[in-house]
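# What the coordinates show
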Amino acid sequence: MDRSRLEAFSDGVFAVAITLLALNITVAGPGHGALTHQLGSHWPAFTAYLISFFTIGIIWVNHHSLIKSVKSPDRTLLYLNLVLLLFVVLIPFSTATAAEYLIKNDWDARVAMAVYAGVFVGMSVGFGGIFEWTLHGDRVYQPVPPERRWRARFRFVGGAGVYAAAVVLALFSSYAAFVLTGLIGVYYIAERTPAAPARSPDFPGDDGTPG
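Calculation criteria
Residues numbered from 1 in each chain as written. Predicted model: local features only at pLDDT ≥ 70, side-chain atom pairs only at ≥ 80, totals over all residues. Heavy atoms only, no water. 1 Å grid on protein atoms, 1.4 Å probe; cavity = no way out; pocket = protein on both sides within 12 Å on 5 of 7 lines; lining within 4 Å. Points joined across faces, edges and corners; volume = space filled by probe spheres on them. Nonpolar A, V, L, I, M, F, W, Y, C, P; charged D, E, K, R; others polar. Patch = residues over 30% accessible without salt bridge, like charges linked within 9 Å, V, L, I, M, F, W, Y side chains within 5 Å. Areas by Shrake-Rupley, 256 points an atom, 1.4 Å probe, with all protein chains shown as cover. Salt bridge = Lys/Arg side-chain N within 4 Å of Asp/Glu carboxyl O. Helix = DSSP H or I, 4+ residues; strand = E, 2+ residues; numbered from the N terminus. Core = buried A, V, L, I, M, F, W, Y, C linked by side-chain atoms within 4.5 Å. Buried < 20%, exposed > 50% of the residue type's maximum accessible area, 1.4 Å probe, protein only. Contact = heavy atoms within 4.5 Å. Axes fitted to C-alpha atoms, helices over the stretch in contact; angles between N-to-C directions. Parallel < 35°, antiparallel > 145°, perpendicular 65-115°, else oblique. Left-handed = near helix turned anticlockwise from the far one by under 90°.

## Observations regarding the layout of surface pockets
What the largest pocket holds in volume is close to 290 Å³. Forming the walls of the largest pocket are 15 residues, and the residues nearest its centre are His42, Ala45, Ala96, Ala99 and Glu100. Counted by class, the lining of the largest pocket contains eight nonpolar, five polar and two charged residues.

Shown next, in the form of structure tokens:
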């Protein structure tokens, strides 16, 4: 398959997922109290929307740079990419579920947050599979040196472990897990943006970042 088709299909999925997030933000409308009260009571929906929006955006940015470094996609990469997209399209569902139940702060809220963080675990595993694929054979234009691969793995997909911790934490505190999930997004915004060309030995991005 031509690399451009892989990118175009993936971009379409990212676009749909990020659009569906906004469709989950609604208010009851007139006759259900003041609008300011309705908006205020929907703070979990707005916060979850921001976290998920930027998470999908970060995935898209990193995915673009990672795939751009690939010489020629094979069937294994295509299936690994499908695993990533499988969880990307689940993000709107898990976001809406977390927003709906979080404000209750009960057992259902904790389960909803565990599902929310769990989807991010799956997304991270899918992305990690793609990154691992790039580390073997002559598959990318700027391969990671063997002595730097474990460091690259840790920095590129280390968030999966933190997301997994958020799943466990959610079973005890939905709010704490929600905050932790948001902090992971902040970390990746700072860590993964194209701001440090000197990192080029570690990652296969165009400008030295992992994506």
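## Let's talk about a nonpolar patch on the surface
The grouping of Leu86, Val89, Leu90, Phe93, Trp107, Val111, Val115, Val168, Leu171 and Phe172 at the surface amounts to a nonpolar patch, some 930 Å² of accessible area in total. Here the nonpolar patch takes three residues from helix α6 (residues 107-134), the largest share from any one element.

## What about the nonpolar core?
General note: in soluble globular proteins, nonpolar side chains tend to be found buried as a group. Ranked by size, the top nonpolar core spans 44 residues in total, and within it Phe14, Ile59, Leu84, Ile91, Met113, Tyr116 and Phe178 carry the most contacts. Of all the secondary structure elements, the ones that give two or more residues to this core are α1 (3-23), α3 (43-68), α4 (75-88), α5 (91-102), α6, α7 (149-157), α8 (159-170) and α9 (174-192). For this core, the element with the most residues is α6, which contributes 11 residues. With near-sequence residues (within four places) excluded, isoleucine 91 lies in contact with Leu21, Ser52, Ile56, Ile59, Val119 and Phe120.

## Examining empty space enclosed by the protein
Counted by the stated rule, this structure contains two cavities of 30 Å³ or more. As for the largest cavity, its lining consists of 14 residues, and the residues nearest its centre are Asn62, Met123, Phe127, Phe156 and Tyr188. If you list the elements that add at least two residues to the lining of the largest cavity, you get α3, α6, α7, α8 and α9. In this structure, the second largest cavity spans a volume of roughly 30 Å³. Along the walls of the second largest cavity sit Glu7, Asp11, His63, His64 and Ile67, which together make up its complete lining. Of the residues assigned to the lining of the second largest cavity, the class counts are one nonpolar, two polar and two charged.

## Considerations on the packing of α4 against α6
The geometry of α4 relative to α6 is characterised by a closest axis approach of 7 Å and an angle of 160° between their N-to-C directions. On the basis of the axis angle, α4 is roughly antiparallel to α6. Considering how the two elements wind past one another, α4 and α6 form a crossing that is left-handed. Two secondary-structure elements touch here, α4 through Thr76, Leu77, Leu80, Asn81, Val83, Leu84 and Phe87 and α6 through Val119, Gly122, Met123, Gly126, Phe127, Gly129, Ile130 and Trp133. When its residues are assigned to classes, the contact of α4 with α6 shows 10 nonpolar, five polar and no charged.

## Some details on the pattern of salt bridges
Here the structure, examined in full by the defined rule, presents two salt bridges. Between lysine 71 and aspartate 138 there is a salt bridge whose closest N-O contact spans 2.6 Å. Taken together, the residues lysine 71 in the loop between α3 and α4 and aspartate 138 in the loop between α6 and α7 connect sequence positions 67 residues apart. Overall, lysine 71 belongs to the partly exposed group, its relative accessible area being 34%.

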